[in-house]
Each structure stands twice: as C-alpha cells, then as structure tokens.
Number of protein chains: 2
Amino acid sequence: MRLGLDIGGTKTDAVVLDARGGVRASVRVPTGIGPAAVLDSAERSVRAVIEQAGTGLVAAETIGVGIPGMVDPDSGRVRHAVNLGVEELSLGAELSFRVGVPVRVENDVKAASLGTYHLLGLTGSAALLNLGTGMAAGIVVDGELQRGSGGGAGEIGHIPVDPKGAVCSCGQRGCLETLASGSGIARMWPSKAALPAVELFDAADAGDERALAVRDTLAAGVASAVRVLVLTVDVQTVVIGGGVSNLGGRLLSPVLDVLRDWEHDSAFLRSLDVADRVRMLPAGLPAAAVGAALIGTTGAPEPGGVGLPVPQD
Amino acid sequence: MRLGLDIGGTKTDAVVLDARGGVRASVRVPTGIGPAAVLDSAERSVRAVIEQAGTGLVAAETIGVGIPGMVDPDSGRVRHAVNLGVEELSLGAELSFRVGVPVRVENDVKAASLGTYHLLGLTGSAALLNLGTGMAAGIVVDGELQRGSGGGAGEIGHIPVDPKGAVCSCGQRGCLETLASGSGIARMWPSKAALPAVELFDAADAGDERALAVRDTLAAGVASAVRVLVLTVDVQTVVIGGGVSNLGGRLLSPVLDVLRDWEHDSAFLRSLDVADRVRMLPAGLPAAAVGAALIGTTGAPEPGGVGLPVPQD
C-alpha cells in the first residue's frame, strides 16, 4: 500500500494506492500557506486518506510527496515554493517525523509525469507537458522518471524560440513559457475573469481578432514545446496537462492544426508523426498524487522484506 | 576483441578495441561511393585493421558500423546516406555475409556519442553535439546510448529558434542547423576556401565586421543547442564535435562568451552552470569507430560462448 500527496497552491490531494497501483482512497484538503501550515495540511491529508482507506499508518507504508519548487529528492528539502510561502523546508524529514513513515519528495511536475504514465497505461517513453502558471515537462522512459544530472530535465519552458519575444521571468527573452502557460496567457490576454483562458477561447470562438491571434500564439507555443520534446528525447507520447489543459479539446484542436501545418511544410517532421503523439491529460485525474505514491516506492524493500523502503540512489 | 567502423563521406575508419576498450589497431581507407563500393571499402578496412591488430577474423568477434543516414539498427538497413550515394542498403546483412561476423549498424553521430563518452572517460549523462554539414546530437546516459522511441533522439538541429530565420533544408525556418553547422556557415559566409570556417574565423580575427557578425551568430547557435540539451535532458557534459569543432578553442571561446552573457542575465541559467558543462572533442579521436565497436557488442551472442563479449546492459 502506497500513499501519495500532491501539495498544490490551494489544495493538497492525497491518494492511497493498492498493491496493483489502483486508487483505493483519495481526499483533498486546503493547503496552508507557510512552512508550518503546509506541514499541517499535509499531515491532515495523510490522516484523512488513511481513514478513508480504512487502514492504519503501519511502518510498511511509504509516502511520496509532489510539491512545486526546487526539490532535492535525496534530502527531501524544498526551496522556492513561492506559491506556498515556503522559502525553504525540510519537508521529507519533518513530515516523516510527524507521521512516523519515511517520506520521499519530488517536484510536482516530475511526480505528475510518472502518475500520468501510470494512470494512462502508457508504455515506452512519454512526457507530460505541464502548462500551469509556468511551463515544464516531466519525462518518463520505460516507466522510469528521468531527472537528468541535477533534476533539470524537462525545464523546457525556458528554451527561447524567438529572439524578439517577450522577456521571461527567468531573465531570457522569447522562452516557450512566455507563449504557452498561464502566465503567458495572462500577459497576452489581460483579464479579470475567473478563468481567463476560457474567456480567451470564448472570445476567439466569437471571432474576436485579438483573441484569435493570442489563441494561435498559444497553440504554436504548445506545438513548439511538443516539437522540442520529440526532437530531443524522441518521446513516443506527449500528454498535455496542467491547469491550461482543462481547456481539453478546445486547446488540443488548434495545437494539432499547427503541428499538421508544420508537417505539411516539412517532410522531416512528417516522418516523425509528431501530431499523432499528442494527447490531453483527462481533467480531474490525481496524476501528481499517484506519481508521488509511485516515487515513494522506487528502490522499495527487498521482496519478502518486512518493510522500510530503501532510498533511491 | 571488438571491431568498429566509421563510414564517412570520404574515408572509412576502422578500429579494433581490446577487451578493456583500448584501441589496439586503427586504419583509414578511402570510402567508395555507391552501395557496392561502400561495401568494398568497408570490407577492405575490416581486413586491414585485423591485419594490423595481428589477429584473425574469428567467429567470436563482433563488428559495429557507424554510417550517416537513417539507420534501422534492428535490420541493419541504411537509407538516405546521400553523401555516400546510397539510397538504400542492407549494410548489416551484406557486410556480415562478406566477413562472416555479425554486424550491427548505427547512425554515425549516435555511434560517435558513445565513442566520445568512452574515449573521454565521461560518467553520468553526456551529449555529443555534432556540427558537421548538419547538426545532430547523440545522447548517452550512464553509458547507454539513448535512441528515443524511433531513433529520433538528438535531432535538435531541426528545432527552430527564430521565426524570422533562414529556411532550413528540412522545410522549417530558423532551425538550429541553419545557424550552427557546416551548411549554416556556407550560407552565411559563402567561400571557395578549402576550409571556409577557418577563413571566416581568420577574417573575424582581422576585424572584418561581417565575419564578426557571422561568428557571433554561429557561436549563439551552438550555445542555443547546448541550452536545449541541458534544459531538456539535463546532460552533465556537452561535447562539441564534428568537422566544425576542428576550430577547437577558436570556437569554444565565443560559445562560452555567449553562454556566460546569458548566465549573467538569467539567474535560472546561472544556477544550471551551463557554460561549465561544455567542452570540445579533441581533434583526431576516432570517436565514431570506437562507438561503433562498442555498439557492436550490444545485443551480441549469448554469454558463455568462447570469448564472446557480454551484452552491455
């Protein structure tokens, strides 16, 4: 039995997976802001999901946590989780101490990529292209999360693709993130609507010229990110996730149009079937929590052993 | 004992590696043009290097071949090796038949990346950024060549980074290859010199404004390719190889200048130490032939045979 947490800016999701990886229980609690409150809500979600699963917090369990920010999986430390009001937190050690179970920590997008791979039953290589406030990807090859040499794998949001593009929060210009992300939409389509992306797509559907142009730019940015993933890692599948992906088919359709236009102009791209590799993450799947649960188990106990997980190397 | 071939547009290199991976013998013969002539020169290089190594072509040996073009490693077939006058060739089967030893075939840049990793004693993850007529990279993680789902991993030369850039041979616009490759130099600095890149750098050193601009563009293109590799795969080391890399420090220096300028403007890039990951492939190393020899051992005969190399895992 494996337990996974996804600590987001507003809510913390917790899931319990059974031995076959099926979701046996899941809960959602509001995330507290600041290190102590984040730990409180994390602990609360653990106790709630355990109760829902009808089981106890026995030593044999492992907990994995996905959280935004810079994560050192070896130490379980998190830095710069800005939306959570966390500058630095020994999340792994602190939560382990509170619940008495070893806790492993991973960046939330990386966790979500592993969860996506599992929940969608993918094989071979795949990337989750996460369009949240920013843009990042998680890459999984043969079921294994690819972190790269220092955890930087998948940071494609900061690849510049236009020397004359907008200045990015990272200090560069024309990054993919400035085109295809929540912050990119906010820049290109300033709005007070609760769901600016929906307002944008509604306006585009209604024929608003400016909205159409922004939608095209967004779709081309997503398509460019897909192209980077295919031409660099040659992932078989690219799943588009993150908040912006709640647009579903409304986003997928213009992205595929862009990719097919490019394939029309380039036999090289056509030979790679780029468009055919893309799909949307169905809304509402607890991908990051499930992925976190799976991360908690890698380097798991010897078969037949009593219990405690061995740290990943 | 492992034998590796690098079939290039003008010469075919062959090496014999001893059991520890040291280069025991190496020869170079002119490459024939057209399928039959390519096979003839390949066979000639095999017989010559075996003679130099002072050993026989016993059944226990394996041969790996690196060759430009589209390679299917499973069948040993090569397609579109344009410079060799080869539209299609069952290189693996044909050469196996001629020399009586199993032959494995791989794309030359991919083979060279594995050879570079081995010859430079690299560990962790690394990419060979090959600047030949075109641009492509080979990616090696923990000693294992990364092919991607269909052999497309490392095709970063066709990632566009400027919507207003030059049209690329692939049909797209502003690809990295249009900026940083032999063909890119030929476009930006048309020349009848034997070594156009050297002429370009000499002119830049002499203060020619146009040459300085082209050199800057080239350096920025190489730096952009490095950035793509670091931000997508997070390789620890990027080795710059291929014909253009014969410029050595003359190329490395402006590339590092560009990367350091970018790091100056972006704390994010600075945190990744991008510039510190870059080095040049020393000229004259038979990286592709050595890599091919190493590839020749993967998927080799069952262990337990007499002197048979055990497949790498």
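Being a predicted model, the structure only gives us computed values, none of them experimental.

Structural notes on the overall build of chain A
Counting secondary structure elements, chain A contains 10 helices and 13 strands. Computed over the C-alpha atoms, the radius of gyration of chain A is 20 Å, within 12% of the 20 Å expected from 2.2 N^0.38 for a compact globule of 313 residues. The principal-axis extent of the C-alpha atoms belonging to chain A is close to 60 × 40 × 35 Å. Burial status across chain A gives 54% buried among its 313 residues. Contacts in chain A between residues far apart in sequence, at least 24 positions, make up 60% of those at least 6 positions apart.

Brief notes about the environment of Glu88 of chain B
Residues and elements named next belong to chain B. Within the secondary structure, Glu88 is located in strand S7 (residues 86-89). Taking the C-alpha atoms as reference, Glu88 lies 9.8 Å from Gly34; in sequence the two are 54 residues apart. Not counting residues within four places of it along the chain, the set of residues in contact with Glu88 comprises Arg77 and Arg79.

Brief notes about the domain arrangement of chain A
Residues and elements named next belong to chain A. Partitioning chain A into domains gives domain 1 (2-112 + 286-295) and domain 2 (122-280). Computed from C-alpha atoms alone, the centre-to-centre distance between domain 1 and domain 2 is 27 Å. Listed per partner, the contact involves 4 residues of domain 1 and 7 residues of domain 2. Class assignment for the residues of the side of domain 1 that touches domain 2 results in 3 nonpolar, no polar and 1 charged.

Quick word on the pairing of S7 of chain B
All names here are of chain B. Sheet topology note: the strand S6 (residues 77-81)/S7 ladder contains 3 bridges and is antiparallel. Its bridge partner being in S7, Ala81 is matched across the sheet by Val86. The turn linking S6 back onto S7 is made up of 4 residues, and Gly85 within it adopts a positive phi angle of 65°.

Examining the nonpolar core
One finds Leu229 of chain A together with Leu229 of chain B to be the most contacted residues of the largest nonpolar core, which totals 203 residues. When sequence neighbours within four positions are dropped, the list of residues in contact with Leu229 of chain B reads Ala127, Leu129, Ala137, Ile156, Val235 and Val238 of chain B.

Topic: the sheet that holds strand S8 (residues 103-107) of chain B
All names here are of chain B. Within the open sheet, the 5 strands sit side by side as S3-S2-S1-S4-S8. Their pairing is mixed. Across the chains shown, the open sheet's two edge strands, defined by having one partner strand only, are strand S3 (23-30) and S8. Taken over all neighbouring pairs, the strand axes of this sheet differ in orientation by 20° on average, direction set aside. In this structure, strand S1 (residues 2-7) lies alongside strand S4 (residues 62-67), joined through 5 bridges in parallel fashion. Residue Leu3 lies in a different strand from S4, and its bridge partner there is Ile63. Strands S1, S4 and S8 of the sheet are contacted by helix H3 (residues 108-119), whose axis makes an angle of about 100° with S8. Sheet contacts for helix H10 (residues 287-295): S1, strand S2 (11-17), S3, S4 and S8; angle to S1, the most-contacted strand, approximately 135°.

Points about the relation of the copies chain B and chain A
Here the two chain copies are tied together by a rotation about an axis and a shift along that axis. The two copies are related by a screw operation: chain B maps onto chain A through 180° of rotation and 0.0 Å of translation along the axis, at an RMSD of 0.0 Å. Viewed as a symmetry operation, the transformation between the two copies matches a two-fold axis. Judged by C-alpha distance, Val161 of chain B is the residue of chain B that lies nearest the rotation axis, at 2.0 Å. Comparing interface residues between copies, 97% of those in chain B also sit at the interface in chain A, which points to an isologous, same-surface contact.

Points about the environment of Val274 of chain A
Residues and elements named next belong to chain A. With respect to the element layout, Val274 can be found in the loop between helix H9 (267-271) and strand S13 (278-280). Here Val274 falls in the buried class, since 23 other C-beta atoms lie within 10 Å of it. Between the C-alpha atom of Val274 and that of Ala220, which follows or precedes it by 54 residues, the distance is 14 Å. What Val274 contacts, discounting residues up to four positions off in sequence, is Val226, Arg227, Val230, Leu259, Glu263 and Leu269.

Details of the packing of helix H7 (residues 209-232) of chain B against helix H8 (residues 249-265) of chain B
Residues and elements named next belong to chain B. Contact geometry for H7 and H8: axes closest at 8 Å, N-to-C directions at 65°. The handedness of the crossing between H7 and H8 comes out as right-handed. Only Pro254, Val255, Val258 and Leu259 of H8 make contact with H7, whose side of the interface consists of Arg215, Asp216, Ala219, Ala220, Val222, Ala223 and Val226. Grouping the amino acids of the contact of H7 with H8 by side-chain chemistry returns 9 nonpolar, no polar and 2 charged.

With respect to helix H1 (residues 35-53) of chain B
Residue and element names in this part refer to chain B. For H1, built from 19 residues, the straight-helix expectation of 27 Å at 1.5 Å per residue is met to within 8% by its first-to-last C-alpha distance of 27 Å. Of all the positions in H1, only Val38, Leu39, Ser41, Ala42, Ser45, Val46, Val49, Ile50 and Ala53 are classed as buried. In the segment just after H1, Gly54 is the residue with positive phi, at about 70°.

Observations regarding the pairing of strand S12 (residues 237-241) of chain A
Residue and element names in this part refer to chain A. Most of S12 sits inside the fold, with 5 of its 5 residues counted as buried. The side-chain alternation of S12 yields two buried faces, one formed by Thr237, Val239 and Gly241 and the other by Val238 and Ile240. As paired strands, strand S9 (residues 125-131) and S12 are joined by 5 bridges and run parallel to one another. Paired with Leu129 across the two strands is Ile240, which belongs to S12. Alignment of S12 against S13, held across 3 bridges, turns out to be parallel.

A closer look at the interface of chain B and chain A
With 34 residues of chain B at the interface, the matching set in chain A holds 33 residues. Counting residues per element, the ones that place at least two in the side of chain B that touches chain A are H7, H8 and helix H9 (267-271) of chain B. With 5 residues, the single largest contributor to the side of chain B that touches chain A is H7 of chain B. The residue inventory of the side of chain B that touches chain A, partitioned by class, reads 16 nonpolar, 13 polar and 5 charged.

A look at the sheet that holds strand S10 (residues 135-141) of chain A
Residues and elements named next belong to chain A. Pairing is mixed across the open sheet formed by 5 strands, whose spatial order is S11-S10-S9-S12-S13. In the strand order of this sheet, the two ends are held by strand S11 (144-146) and S13, each with one partner. Across the sheet, the axes of successive neighbouring strands diverge by a mean angle of 25°, strand direction being ignored. Of the pairings in the sheet, the one linking S9 to S10 comprises 7 bridges and is antiparallel in character. When the sheet's bridge partners are listed, Ala126 is paired in S10 with Val140.

So, the confidence of the model for chain A
Residues and elements named next belong to chain A. The pLDDT averaged across chain A works out to 91; a share of 93% of its residues lies at or above 70. Low pLDDT, under 50, characterises residues 299-313; the predicted model gives this stretch 21 contacts beyond four residues in sequence or across chains. Predicted complex, confidence summary: ipTM 0.90, pTM 0.92.

Remarks on the packing of H3 of chain B against H10 of chain B
All names here are of chain B. Between H3 and H10, whose axes approach to 6 Å, the crossing angle comes to 90°. With respect to H10, the axis of H3 lies roughly perpendicular. Residues Asp108, Ala111, Ala112, Ser113, Leu114, Gly115, Thr116, His118 and Leu119 of H3 pack against Ala287, Ala288, Ala289, Val290, Gly291, Ala292, Leu294 and Ile295 of H10.

Calculation criteria
Counting starts from 1 at the beginning of each chain's written sequence and moves along it residue by residue. To read the labels, note that chains go from A and ligands from 1, taken in the order they are written. Thresholds applied to this predicted model are a pLDDT of at least 70 for local features of residues and 80 or more for the giving and counting of side-chain atom pairs; totals over whole chains, interfaces and linings are not thresholded and use all residues. Secondary structure counts use DSSP, requiring at least four H or I residues in a row for a helix and at least two E residues in a row for a strand, with both numbered from the N terminus. With C-alpha atoms as the basis for the radius of gyration, the globule rule is written as 2.2 Å multiplied by the number of residues raised to the power 0.38. Whether a residue is buried, exposed or partly exposed follows from its count of other C-beta atoms within 10 Å of its own C-beta, namely 20 or more, 12 or fewer, or something in between, respectively; the C-beta atoms are built from the backbone. Remark: residues whose backbone-derived C-beta atoms lie within 7 Å of one another are considered to be in contact. Note that domain bounds follow an automatic or database assignment of domains. Note on residue classes: Ala, Val, Leu, Ile, Met, Phe, Trp, Tyr, Cys and Pro are nonpolar, Asp, Glu, Lys and Arg are charged, and everything else, Gly too, is polar. Any two strands are treated as partners once DSSP identifies two or more bridges connecting them. Any set of buried Ala, Val, Leu, Ile, Met, Phe, Trp, Tyr and Cys residues joined through C-beta atoms within 7 Å is what this text calls a nonpolar core. To obtain an axis, a line is fitted to C-alpha atoms, over the contacting stretch when the element is a helix, and the angle between two such axes runs from 0 to 180 degrees between their N-to-C directions. Copy-to-copy superposition: least squares on the C-alpha atoms, limited to residues that have pLDDT of at least 70 in both copies. Handedness of each helix crossing follows the sense of rotation of the near helix against the far helix: counterclockwise by less than a right angle gives left-handed, clockwise gives right-handed. A helix is expected to span 1.5 Å multiplied by its residue count minus one. Confidence scores labelled pLDDT are given residue by residue by the predictor and lie between 0 and 100. For classification purposes, an angle smaller than 35 degrees is called roughly parallel, one larger than 145 roughly antiparallel, one from 65 to 115 roughly perpendicular, and anything else oblique.

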